Amino acid sequence: TTGGRDEQSAGRTGAAGPVAGGTLTYALAGTQVSLDPAVAATAVTGLIDRNVFDSLVVQTGPAAFGPWLATKWAVSGDGRTYTFTLRDGVTFHDGTPFTAEAVKATLDHVVDPATKSAYAASLIAPYEKSRVVDDHVVEVTLKRPFTPFLQALSVPYLGIQSPAALARPVADYRPVGTGPFSYVSWDKDKRVTLRRNAAYASPPAGASHQGAAYLDGLVFESVPEDATRYGALTSGQVQAIAGVPPVDAGKLRSLGGFDFTAQETPGLNYNLYLNQTRGPLKDVRVRRALSAAVNVDELVKNIYFGQFPVARNPLSRTTAAYDATAESELASYDLAAAERLLDEAGWKKGSDGYRVKDGRTLALTWPYWAEGNKEQRDVLAEGIQAQAKLAGIKIERPAVDTGAFVSKYLIGGEYDLVDVSFARPTPDVLRFAFASGNTYAKAGGNVALVDSPRIDTWVEEAAETSDPATATKDYAAVQHEVLRQAYVLPLYTPVQLTAFSAKARGVTFDAQTYPVFHGVWLGA
Amino acid sequence: MSGDHPSAPLLEVAGLSVAFPTRHGVVRAVRDVDLSLRAGECLAVVGESGSGKSVTARALLGLAGAGARVSARTLAFEGRDLRTLGGGQWRRLRGRRIGYVLQDALTSLDPLRRVGLEVAEALEVHGLARRDDLDDQVIRLLTEAGVPDPHVRFLQYPHELSGGLRQRALIASAIAAGPALLVADEPTTALDVTVQAQVLGLLEERRRRGTALLLISHDLAVVARLADQVAVMFAGEVVERGPAAALLSSPAHPYTADLLAAVPAPDAPDATDAPEAPHGPDASDASDARGGSGGMARGLPVVRTGPAAATGCPYAPRCALADDRCRSEPPPPVSYGEGGPDGEDRMVRCFHPGRERSAAAFETPVAPVRVKDHAVVSVRGITKRYRSPDGSRRTAVGDVSFDLRAGEALGLVGESGSGKSTTARIVLAEIVPDAGTVLLDGEPWSGLRERDRRSRRSRIQLVDQDPLSSFDPRFTVERVVGEAVPGRMPRRRRRERAAALLGQVGLDPALLDRLPARLSGGQRQRVAIARALAPGPEVIVCDEPVSALDVTVQAQILALLARLRREAGVALLFISHDLGVVRQVCDRVAVMKDGRLVETGAVADVFRAPRAAYTAELLAAVPRIDRGRTAGERPSVTVTLEGHP
Amino acid sequence: MPRARLPRAGLPRPGVALAVAFFALVCLAAAFPGLLAHAPDQVNPALALRGPTAGHPLGTDQLGRDVLARLVFGARPSLLVGVGSTLLAGVAGAAWGLLAALGGRVAGEAAMRLADVLLSFPAVLMALLVVAVLGPGTRNAALAITVALAPGFARVVRAQALVVRGSPYVRAAVGLGLAPARILLRHIAPNVVAPLLVLATVNVGTALIAGASLSFLGLGPQPPAPEWGAMLAQSRDYLDVSWTLALFPGAAITLTVMAATVAGRALQARYEGREAR
Amino acid sequence: MRLVPGDPARVIAGGVQANATPQVLDAIRDEYGLGEPIVVQYARFLGRLLRADLGGSYQLGRPVSRVIGEQIGATLALAAGAAVLGFGLAVTLATLTAGRPRLRALSRAVEFCSISTPNFWIGILLLAAFSFHLGWFPVIGDGGPAALVLPCAALALPIAGMLAQVTRDGLERALDQPFALTARARGATEHRIRVRHALRHAALPVLTLSGWVLGELLAGTVVVETVFARQGLGHVVVAAVRGRDFPVVTGVVVLSALVFSLINIAVDLLYGLADPRIGAAA
Ligand SMILES: Nc1ncnc2c1ncn2[C@@H]1O[C@H](COP(=O)(O)OP(=O)(O)OP(=O)(O)O)[C@@H](O)[C@H]1O
Ligand SMILES: Nc1ncnc2c1ncn2[C@@H]1O[C@H](COP(=O)(O)OP(=O)(O)OP(=O)(O)O)[C@@H](O)[C@H]1O
Ligand SMILES: [Mg+2]
Ligand SMILES: [Mg+2]
């Protein structure tokens, strides 16, 4: 499985028969700017839209996909054309019948520049066109072979939308899909209300049942404060919360009456990237010294109360092609070694405890983008700062706003360190993060500004090959190389800490670790 | 008194004491006071500020204050023992049986409520009027109190009424429920002489109708008119009590005698010097010194009635007759002289009652003042107009001309708002007249630019009514006076000069390091005079220099001014609304009304035979003590009810 | 922000002494934090979120840092924003108000109209606007509060200057024939500045709270700088585990504000006592 | 309005994750006029302001007026609740303790503490005690009255402390005045004197404080909405300040300046009504 799903909750499903009715309120940490999955990029949108939209296929394993709105599909020999046969008799919430036309409309909508898609379009970057073969057959053509295509289609950001709804002006946008719940209202920055789709009959393969959802209503409440969210759950105001604060997780477990699930997020861990093109970090010894100076283990264990696994690899261990052996390359905590490396590199300790070389202090810039802060990452950073100081490395954290963060830092490259996590259940994220052509300026995630022909070769080959063994080997090589070069300092694997009131029965999670509400019902 | 009144006293007080526990010890504000009052009679309680008059009055209404400790051997009203009354019983008494007119007349009506409501409150509280009938009753009361246009006043707010009208409305509210006793605490202090006469007439009228009156005042002249009995208070004690006529004609207690002597009378024989500082420099400070630190109330010298005053006669430090016994042993009350017409005794607390004071203590050598013929200040047709809020222009000073000759004292009198201060400010070149000029020593003065005037400013100086606000609050006396000494000199020299100036005005040089706020009113005024003297001026303009002072202190300051005029040869432009004061200090007087001079002339002439009707009116309204009247005769009172609001 | 409107404090003398002593201690901490505590940024994750112990009298925070040390070192940014901005606002306000009162007609009018416009914005929103322009940080937060406070001071100074200029004692000085410069220097300026100083002292509390609020919102001093408001903001996440974490920084703010206010009022009482009329 | 580093176009385009292409950014700059010189932008901003058009939010992608319209209700409810609570508490406390030295000393100490305490700390403590531990009040809520109690309390307490002191001061001053003594001398009861006479006098200084109260309320909502994770203008403005979303910040600031001025004018008028002396003095 992709997640460490809590077996307890699954086990309860069978205890008594499901009861229909009731409304479940789910408190979330974030908000969203748009409910259009094709536009928005936030996880919250995905979580909410998952209930409104069905996808063409469902991910059933790390690289396995099952039928959903598409009953079956075929891939052409060159890997560029996918032909989907669609389910019959499905209608959108607005009454529009689900046909090949809808699939074409959805995919065209995603890539339309006018949509200003923030994320969905990047998932299907090689998309060329769709052709309606008949009402229930659609043929999708890619510009080049693209293995992650099915995976992309399975995520809510590419959920199939009603063409009628898409045809309306942007300002009047309402999410209309074929999913188990239909959209009712959206109180900006406050809550999204969904209602049961009584006519629902198109659950994905492996669904708990075939009919409509049990819940009458589903409310997503936005509660950004950790403590408040937690309090809302324990005081019974909501039945579920996302992002249980790690500090409270232990207590919640011991409290009883709550089902607690921890889903490790697949994809790139929460990592610190070392800009290897600039200043002291050009020197691999300094990069490795920084890595060795930070006792990630101790920090992460204590800050997250053991709820978040310490990362020793840029990839999370639930991602396909994760290579456990790569961590041998990691310059793990060893203060003495760090000091030695820095001495070797010519950085000598000055009077204020920071190292100096040629009159320059060993100071690194790590922009602090407050809006992106979550999961006490600022606290972790303070710990890293304090530990780096012991090795004589000064880390400065200028507070920056979004515009400056993007323009001056991410694109302008005026940083030494940048922290980011990236959830996506495919090893292809390595290409996103380390291929030389994937710098942020070029819409990628290579914030260490790695420029390595070897890595480029490996990730390209892995993305295009149809031989899983080759891909695995290539990905492993990348993991070894980036750790050896200390382009990246893995910190922790983000975990979706979700807690449900024990009254909510039948909660399951999909491959992206989103809870699936289709089978959920409220017990006594 | 005649036999119409029942002989049982309406109010009987014996051994009344009131003490206030404070952070600095217990203040024994009233000590062992005996009073009695029959229906239709008027008892006047007289004494200087802080002597306990108001506290006594409030104790009679059970309103001595939250922390007050009141005790009495007898405290009876209409035969009821007031000491046993509960809160509700007190309330039924207040307003209904005893009316009270507070000292602070101008603030005794709730400023946020219409006058009618305030007058009606007593009726309402005691359920004396039906709601629909209330307004008529209030209007009737206002009319009775001599308030013109009661229908209009009724709906106005207190601030829309003049002081005199407010006082009358207040009296109307105090008599609303028809009380048997009216306690009036300084009912005329804040008022103009003319209005003062009207209010006294009103009280007189009440008494004639049978209301007993307890009249409180620091002004013997005021009470002389109305009182049947007078009680003189000093430092919380009644030092002398007796029938008004007898007491005023032959005071038994030295304090009473001093009070009487200090009253400036417009018809006093001549412009003589009142007794100044009987005990050398700084007599006004004596009471302060005795009471220790901070015995100041309302900026006036206060006799501290704390523990320090326990031994000896409280008046001893100020008394010309005091001997060792006076200083060590409190004099007990003794009866004195013959009784009044009703056979009651006069009481006095003194070891030397009725003894004539040694003349030496008061004699000051009278040297003739040389008035030269040339004018130091020539005022030529000055006019000043101000724009009122409603946009119309009103003339504060209109075409005023007079000369102030070298060494002369010219009095400028007139009622409030008549333009006296404005004239003074023009003379001082603080403001520029709209028309006319002022010449100083025959040279242009008011027309100059300030820069050209600056060097000559030392020639003309000001002494203001409120000296404190004319001192920089951060400056010590040394700096206040020293700053006025012209020329450059080292600090030491300057200090010496300042000390010398203090000596000149009868102040102890030890005061040099004090802040003016820590001085008594009389001391402040002396500091102001010292400062005015510092540059060696030819002219001093005095704008109401004594009106904020106690009579005794007032007399000292006036004497000081007269002495300085003799010694330093300065000319005085002396502004006052008090004719008695002017009479005492000035050679000539100019009378102002509505910004214009109505009469100018030698003091003696103007007072003897006023030419302008207005001057005559002013003179007539001044309360005076008619010492020549025989015992039992009630003084005649002229009441002018129309005219000045 | 409350402008010059302070009810009398009925505090006993020992209370005043205690408050002044505490405020002095806070000032000492701000000036020489090293004297009172050791490294505020020494992390020890294994000892995180412990309650008060002998080694850490006020416990440790989420990174195992000593809370006491952080409070002591937090005094500087907190006071810098609170006291620094008040002082700055006082100086700016004084210049501004004096210009408005004594300057030429045009300059004076313009200066006062500007103050009026600025005063029509609630002070904290004004501060937020300034932070929005300048960005967060210790210096900017202090500047923001300065901008928010200065017009108020200017108005007080102007009013006071007008009162003093028209006061009988200045009239008396003119009457003595003193030179205008001397009158301005000896009489007007001191009597204008003294109440301003008192007002400023009394306003320190307000500024402290405003500063703490800004950093609580993440707009003040940035982590890892130990600042009381920011410490409180972080402590919220650990309310359930270690409530003392929220207790001490909050108490530090409240006590400092109280101490500053009491000290200010004592000063005010002294000043007014001296001037007593 | 682009006075500062930072790139509104980026924000409009969706921020970090969106990573918009230069073409998209250019399009946005054209649309919002961000490419023009600052002076031109500022002039445009003023021009729009005159037409009551506050522009569009960079972060939220909606007109500022709509953002404000959506959020103002919650903030008004909070501020109004706090104002009522604050004034109520203050008047009750003041009338109960005025002129009663022992009670007054106690009340003063409490008031002084509450004045000196930042309302976010009060909020945190209230939240911890009454929501988390005792569970009396909801931690979140859809604007129901129960959810308003704690935020209102956090907002009201410091204000109530100040108001109580001023009210009591005013009451005591009024009770000390000769007219109160006169009323007593007429036989009026203590209750009558406090209610008919003194309270109106105490209202005057309190009224002068209303500008301050309003400022405190506005400032307080910013913080309290953050503590209690409530919706509202305060919340929006903090997010906007962090994200340098100038149209929103200026919009809110301009709006509150407007409200502030209106309230101050209203207070002046009220003052004239409450105190007959004002009109005459003018
Ligand atoms: N509530 C109080 N607490 C303490 N001392 C008081 C109180 N009320 C009055 N005193 C003191 O009692 C003394 C007498 O005061 P009182 O008001 O009776 O004087 P007075 O003769 O009416 O003076 P004035 O002519 O100024 O009205 C004064 O020293 C005053 O300070
Ligand atoms: N600065 C001013 N602006 C407008 N009106 C003024 C001004 N100064 C004086 N007045 C008016 O001029 C008239 C004369 O005032 P002035 O002060 O000279 O009277 P006064 O005789 O000294 O009265 P008082 O005895 O009350 O001191 C009054 O009506 C007063 O209101
Ligand atoms: Mg009195
Ligand atoms: Mg005058």
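Right above here is the structure, for reference.
For the structure given in this document, a descriptive report is provided here. Given the structure is predicted, the values throughout are model-derived calculations rather than measurements.

Rules and cut-offs
Residues numbered from 1 in each chain as written. Chains lettered and ligands numbered in written order. Predicted model: local features only at pLDDT ≥ 70, side-chain atom pairs only at ≥ 80, totals over all residues. Heavy atoms only, no water. Helix = DSSP H or I, 4+ residues; strand = E, 2+ residues; numbered from the N terminus. Buried < 20%, exposed > 50% of the residue type's maximum accessible area, 1.4 Å probe, protein only. Contact = heavy atoms within 4.5 Å. Areas by Shrake-Rupley, 256 points an atom, 1.4 Å probe, with all protein chains shown as cover. Buried area = accessible area lost by both parts, 1.4 Å probe. Salt bridge = Lys/Arg side-chain N within 4 Å of Asp/Glu carboxyl O. Near = heavy atom within 4 Å. Polar contact = N/O pair within 3.5 Å; in protein donor to acceptor, adjacent residues only side chain to side chain.

The subject of this paragraph is the overall build of chain B. Helix and strand counts for chain B come out as 21 helices and 25 strands. A buried classification covers 58% of the 645 residues belonging to chain B. Counting only contacts in chain B whose residues sit at least 6 apart along the sequence, the fraction spanning at least 24 positions is 68%. With an accessible surface of roughly 25,200 Å², chain B has 49% of that area assigned to carbon and sulfur atoms.

Here we take up the interface of chain A and chain D. If you look at the interface, chain A gives 35 residues, while chain D gives 30 residues. Buried area between chain A and chain D, summed over both chains or domains, comes out near 2,700 Å², and the portion from carbon and sulfur atoms is 60%. Of all residues in chain A, the largest losses of buried area upon contact with chain D belong to Lys-188, Gln-237 and Asp-401 of chain A, amounting jointly to 18% of the total for that side. Between chain A and chain D we count zero salt bridges in total.

Residue and element names in this part refer to chain B. Close to ligand 2 lie Tyr-386, Arg-394, Ala-396, Glu-415, Ser-416, Gly-417, Ser-418, Gly-419, Lys-420, Ser-421, Thr-422 and Glu-544, which account for all nearby residues. The side chain of Arg-394 places a nitrogen or oxygen atom 3.2 Å from an oxygen atom of ligand 2. In the environment of ligand 2, an oxygen atom lies 2.5 Å from a nitrogen or oxygen atom belonging to the side chain of Thr-422. In isolation ligand 2 offers 630 Å² of accessible surface; the protein chains occlude 62% of this area.

Each partner contributes to the interface: chain C provides 45 residues, whereas chain D provides 44 residues. Summed over both sides, the interface of chain C with chain D buries roughly 3,800 Å², with 75% coming from carbon and sulfur. Counting the contacts that link chain C with chain D gives three residue pairs in polar contact (both at pLDDT 80 or more). Elements that contribute at least two residues to the side of chain C that touches chain D include exactly α5 (123-134), α8 (180-216) and α10 (244-275) of chain C. Sorting elements by how many residues they give to the side of chain C that touches chain D places α10 of chain C first, with 11 residues.

Quick look at the pattern of salt bridges now. It is possible for side chains bearing opposite charge to pair when their charged atoms get close. Counted by the stated rule, this structure contains 82 salt bridges over all chains. Its salt-bridge partner being Arg-131 of chain A, residue Glu-139 of chain A comes within 3.1 Å of it at the nearest N-O pair. Arg-131 of chain A gets classed as partly exposed once you look at its relative accessible area, which sits at 41%. Where Glu-382 of chain A meets Arg-65 of chain C, a salt bridge forms, and the shortest distance between an N and an O atom there is 2.5 Å. With Glu-382 of chain A in helix α12 (residues 377-390) and Arg-65 of chain C in the loop between α2 (33-36) and α3 (67-102), the pair connects residues from two separate chains. Take Glu-382 of chain A and Arg-65 of chain C: they sit in the same class, and that class is buried.

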